[in-house]
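Coordinate analysis (summary)
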Amino acid sequence: MARGDNLHRDEIPPGTLYLLILKTLARSGEMHGYEIANSIQRISVDVLQVEEGSLYPALQRMLIKGWVTAKWGTTAGNRRARYYQLTAVGRRQLVVETSQFERVIGAITRVIEAV
Amino acid sequence: MNWLREVARRLRMLMHRRQFDTDLEEEMQLHLELRQQERLESGMTADSARAAARRGFGNVTSLKEKSHTAWGWEWFEQLVQDMRYGLRMLRKSPGFTAVAVLTLALGIGANTSLFSVVNGVLLNPLPYPHPDEVVTMAGWFPGYGESSISYPDFLDWVRLNHTFSSLAAYRRDTFNLTGQGDAEQVAAMDVSASFFPLLSVNPVLGRNFSSAEDQLGGPPAVILSGGFWKTKFGSSPDIIGKALNLDGTDYTVVGVIPENFYFCCSSTGFRLSDVYVPIGASKDLPVRDRRMISTWAVGRMKQGMALAQARADMDDVARSLGVAYPDTDKDTGIVITPLQQVMVRDIRPFLLVLLAAVGFVLLIACVNVANLLLARSTGRNREFAIRAALGASQGRVMRQLLTESVLLAMAGGALGLLLASWGTRAALAALPSALPRANDVRLDPRVLLFTLVISLAAGVLFGLAPALKTSHPDLHETLKEGGRGSSGARYRAQNIFVIVEMALAVVLLIGAGLTIRTLVGLWSVSPGFDPHNVLSFRVGFPPSIGNADASTTRASLRQFTEKISSVPGVSAVSLTTGAKPLDRESGLIFWREGQPKPPNEVSMPYALWYRVGPDYLKVMKIPLLRGRFLTAQDDANSPGVCVIDEDFAQKFFGNEDPIGKRLNFTLVYNQPLQIVGVVGHVKQYGLDETANSPIQAQFYMSPLQLPDDQLKTWAVSVAGYVIRTQGSPGAFASAVRDALREFNSKAVLYAPETMDHIIGRSLASRRFAMILLAVFAALALLLASIGIYGVISYIAGQRAHEIGIRMALGAQRSHVLKIVLGQGARLALLGLVIGLAAAAGLTRLMITILYGVSPTDPLTFSAVAIVLTLVALVACYIPARRAVRVDPLVALRYD
């Protein structure tokens, strides 16, 4: 039995998390994890909700791929935080992921409409 | 390039993984706190705000682990963990560790050592650029086979071929060096100007020969070997341009080649040359005459040329030479062989057999260590059962065990490498002439890789049995019973170990036994003469003797013989200027008088040509079978005579009586020589000479009967002596040297060697193989008996409880002894039978290195069977006796 809290939030389709993070960083430049999580929620008007923590393994994988870099900085509240930034490779990846996403969505839409 | 950066990033993470974990922790902490803050501000209580933040975040520990493993290092971290644990376990039982590591070190060390030899001799390319382009080129003569060639033929090869970028001729020679202290003989090589450039040897000083120097009438030039330059001239750099007086002619030193330059092929043997002179400038008859074959050749094929193309090309060359010079070249061929193959042709089968043998030693070592591990893992059953009960997967436990065994193997490998580097050097130093290319034997990266690979393989091999066994533990039984079992099936692995060890040891011992029998057999083969108390040496006569008129030369040769005879203790002396058993080859073509002369020289038969003094038979103790031998009266003034050996008589006269018949040797003599006697056959090519050896027929004649114009070529310039001495012949060299010098200060004695030593040298490769095989077999025997002892001790120890009960119930000691002993003996016998069967199959592969003994020699097989049975019985008896000595009360109480 799932918790009531999660019920009215749709889980994001797998793989799109990268796209969301890339898109967020592309729009806003430097961000730390909490900001990224908030930003994704805001954009998706709280409908698409990540299990917030899963952001971090995803960020690690993106660090490995070289899509983002991270460096330590200070928040407005004067706390130490790790800031992530898009790299040139990441920017290119964003294009790839976007077109892929659109292709998949397009296909699904066509399937739905065909029914 | 991106993947490279990715690897770099992953590696950076591995280096700083502690930092990584704390960073991640801090980051997540911040996230949680900020979220909590937000909830607080929206009016939640502190507790529910924290709970909500956590709920929204997910499982922190699992997310941390996911972030960590995303970098792909968990296998490494587990390995480090396993290794740490393994090292701790090994440290905890130092006795076990020491025995296992030492056993493996012996096995791996022996393998590394032998592989470094195989690697240096067989696998490594020759130290020349593009070594695969370099080939040796020999002539092929019908009725004789592969042979040296004539220099004029060589020049035609150079002119006519289309597939070689360069050809070079070489030929062994000697010179008398005067004007540098005492007169001395130097070993020389006559070479083409292209010789060193072809092999890419650059002079360390000066230059190579010019083509002008490599022609008749060219300015006399000489190149020194690095070693000669060092010992003779103290590596002085201003040697270039100086004159060296060789055989009375001044040669200008134009260059020095590196000291490590080493070229050995077919007829040149292992002796290094002191000096090199251009062959093209030589006026010697054997160089200028197409009928004299004393030159060898090497060639470098054009780039990308296949061996088959070169062979086809040279076949054409041989055919056109046959047409142009039918008398000397009709139906002859040209044999092309890769240089590397020629250099290792004789040693290859020995090394391969040794490599197999040493592999067996390692297998035995592995079985021993596997047995130790198995005994230990049985003791550790509880540990593994508990780990499994706590949720460790079987794969994880197996990996742990394999890590331990690989650790052991690595330690063994490291120690083995030390043993090998020391042992190889010792073996090569002890047997210097046994191996060609001995200089190329070293521990290079390939050898290190080999050691690493066999260590890993050994670790997995001997670790697998115990690991597999512990991976199917009966948890319930083990935990309940306390690890003590009584069922016989438990020892199946150990039983197999005993059988395998026994079988391997049998095969090795039989292999060693057969080579020992071969060598012992060869030692007792008669070479056809008596080598004991015979000293052989060569003499460099002063140039004045060769340049004098013929009768003076003959007189001088007689006087030298007399001078040597006058040395006290010398009982017989003979000049030898032609073929010499196991040392020098010289052949001559002939045909029988009264039979039609063969159409050309190529189709005439060859005979080995011994030019010796009248006392030769006395020195060598060769039996005279019929007629008489040469006498002092057979000189220039009497009719030419010769003596043939029994093989000659058999092959060319059959049942006829050869005495009184005459032979034509038109290459040298205008008149035929009359056969006056028949002597016993001598094994010219060594004790292992077979009927396949090139020339079997032999004949003897007196050098004094050589025609005047041939005297210098066939007697003076290649003179040597054999003397029979009373007492140790080695001690006579200096007395004879003094006598010669007293007689003529420019005469030089060199290369003295006892006949026994020459024969010993001819068996060096076999001795090398025999000694190593014997060492390996001894090692195998030792390891196998330790192994069998270990297994039986272990089983007896495990059965102490049962034995205690039996004894308490009144069983006789002797009866129990018989049970334990019988158990071991049965296994050993089974191993013995399997080993004998395997050996019968495998020893057939050794046939090339055996001589005079069948690969299934019953004596060797039965001797090995008896020895191993005894060893196995002793190895079983000791632990069995200890088992029955145990006080039943102690055995029963101990639980």
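Not measured: the values here are computed from a predicted model.

Each value, and the rule that gives it
Residues numbered from 1 in each chain as written. Chains lettered and ligands numbered in written order. Predicted model: local features only at pLDDT ≥ 70, side-chain atom pairs only at ≥ 80, totals over all residues. Helix = DSSP H or I, 4+ residues; strand = E, 2+ residues; numbered from the N terminus. Buried ≥ 20, exposed ≤ 12 C-beta atoms within 10 Å, placed from the backbone. Contact = placed C-beta atoms within 7 Å. pLDDT = per-residue confidence, 0-100. Axes fitted to C-alpha atoms, helices over the stretch in contact; angles between N-to-C directions. Parallel < 35°, antiparallel > 145°, perpendicular 65-115°, else oblique. Left-handed = near helix turned anticlockwise from the far one by under 90°. Nonpolar A, V, L, I, M, F, W, Y, C, P; charged D, E, K, R; others polar. Domains from an automatic or database assignment. Expected span 1.5 Å × (residues − 1). Pairing = 2+ DSSP bridges.

Overview of the overall build of chain A
Looking only at helices and strands, chain A has five helices and three strands in total. Moving toward the C terminus, one meets the helices and strands of chain A in the order α-α-β-α-α-β-β-α. The burial tally for chain A puts 28% of its 115 residues in the buried class. Taking contacts inside chain A between residues at least 6 apart in sequence as the whole, the part at least 24 apart equals 51%.

A few points about the confidence of the model for chain A
Residue and element names in this part refer to chain A. Across chain A, pLDDT averages 80, with 80% of residues at or above 70. Within chain A, the element-level pLDDT minimum falls on helix 1 (residues 4-7), averaging 40, and the maximum on strand 3 (residues 80-86), averaging 92. Residue range residues 1-9 is modelled with pLDDT below 50. Its contacts to residues more than four positions away, or to other chains, number three contacts.

A closer look at the packing of helix 21 (residues 550-565) of chain B against helix 24 (residues 708-716) of chain B
All names here are of chain B. Two elements in contact, helix 21 and helix 24, have axes separated by 9 Å at closest approach and are oriented at 30 degrees. One finds that helix 21 runs roughly parallel with respect to helix 24. Relative to helix 24, helix 21 is oriented so that their crossing is left-handed. Across the interface between the two elements, Ala-550, Thr-553 and Leu-557 of helix 21 pack against Asp-708, Leu-711, Ala-715 and Val-716 of helix 24. Counted by class, the contact of helix 21 with helix 24 contains five nonpolar, one polar and one charged residues.

Structural notes on the domain arrangement of chain B
Under the domain assignment, chain B is made up of domain 1 (2-69), domain 2 (73-129 + 348-483), domain 3 (143-331), domain 4 (492-524 + 759-895) and domain 5 (542-746). Centre-to-centre, using C-alpha coordinates, domain 2 of chain B lies 50 Å away from domain 3 of chain B.

Observations concerning helix 5 (residues 88-114) of chain A
Residue and element names in this part refer to chain A. Across its 27 residues, helix 5 extends 39 Å between first and last C-alpha, which sits within 8% of the 39 Å expected from 1.5 Å per residue. Three or more residues of helix 5 are buried, namely Gly-90, Gln-93 and Glu-97. Contact partners of the buried residues in helix 5: helix 2 (16-28), strand 2 (68-74) and strand 3.

Brief notes about the interface of chain A and chain B
Facing the 19 residues of chain A at the interface are 24 residues of chain B. Contributions of two or more residues to the side of chain A that touches chain B are made by helix 3 (33-43), helix 4 (55-65) and strand 3 of chain A. Considering every element that reaches the side of chain A that touches chain B, the biggest residue donor is helix 4 of chain A, with seven residues. Residue composition of the side of chain A that touches chain B, grouped by class: six nonpolar, five polar and eight charged.

Digging into the packing of helix 2 of chain A against helix 5 of chain A
Residue and element names in this part refer to chain A. Close contact between helix 2 and helix 5 brings their axes to 9 Å; oriented N to C, the two are set at 130 degrees. Here helix 5 runs oblique to helix 2, going by the angle between their axes. Seen along the crossing, helix 2 lies across helix 5 with a hand that is left-handed. Across the interface between the two elements, Thr-16, Tyr-18, Leu-19, Leu-22, Lys-23 and Ala-26 of helix 2 pack against Gly-90, Arg-91, Gln-93, Leu-94, Glu-97, Thr-98 and Phe-101 of helix 5.

With respect to the pairing of strand 4 (residues 184-191) of chain B
All names here are of chain B. Of the strand pairs in this sheet, strand 3 (residues 164-178) and strand 4 are connected by eight bridges, and their pairing is antiparallel. Its bridge partner lying in strand 4, Asn-176 is registered against Gln-185. Here strand 3 hands over to strand 4 after five residues, with Gly-179 in that stretch at a positive phi of 90 degrees. Across four bridges, strand 4 lies against strand 9 (residues 275-278) in parallel orientation. By the bridge assignment, Ala-188 is partnered in strand 9 with Val-275.

What about unusual backbone geometry?
Notably, Asn78(A) is not glycine yet its phi reads approximately 60 degrees, a positive angle. Looking at the element boundaries, Asn78(A) is found in the loop between strand 2 and strand 3. According to the C-beta neighbour criterion, Asn78(A) is exposed, with 6 such atoms within 10 Å. For Ser235(B), which is not a glycine, the phi torsion comes out positive at approximately 55 degrees. For Ser235(B), the position within the fold is in the loop between helix 9 (226-233) and strand 7 (243-246).

Focus on the confidence of the model for chain B
All names here are of chain B. Here chain B shows a mean pLDDT of 85. Residues at 70 or above account for 95%. Across chain B, the secondary-structure element scoring lowest on mean pLDDT is helix 18 (residues 475-481), at 55, and the one scoring highest is strand 18 (residues 641-645), at 96. Segment residues 482-489 is flagged for pLDDT under 50; beyond a separation of four residues in sequence, or across chains, it makes eight contacts in the model. Overall fold confidence for the complex sits at a pTM of 0.71, while the interface term, ipTM, reaches 0.84.

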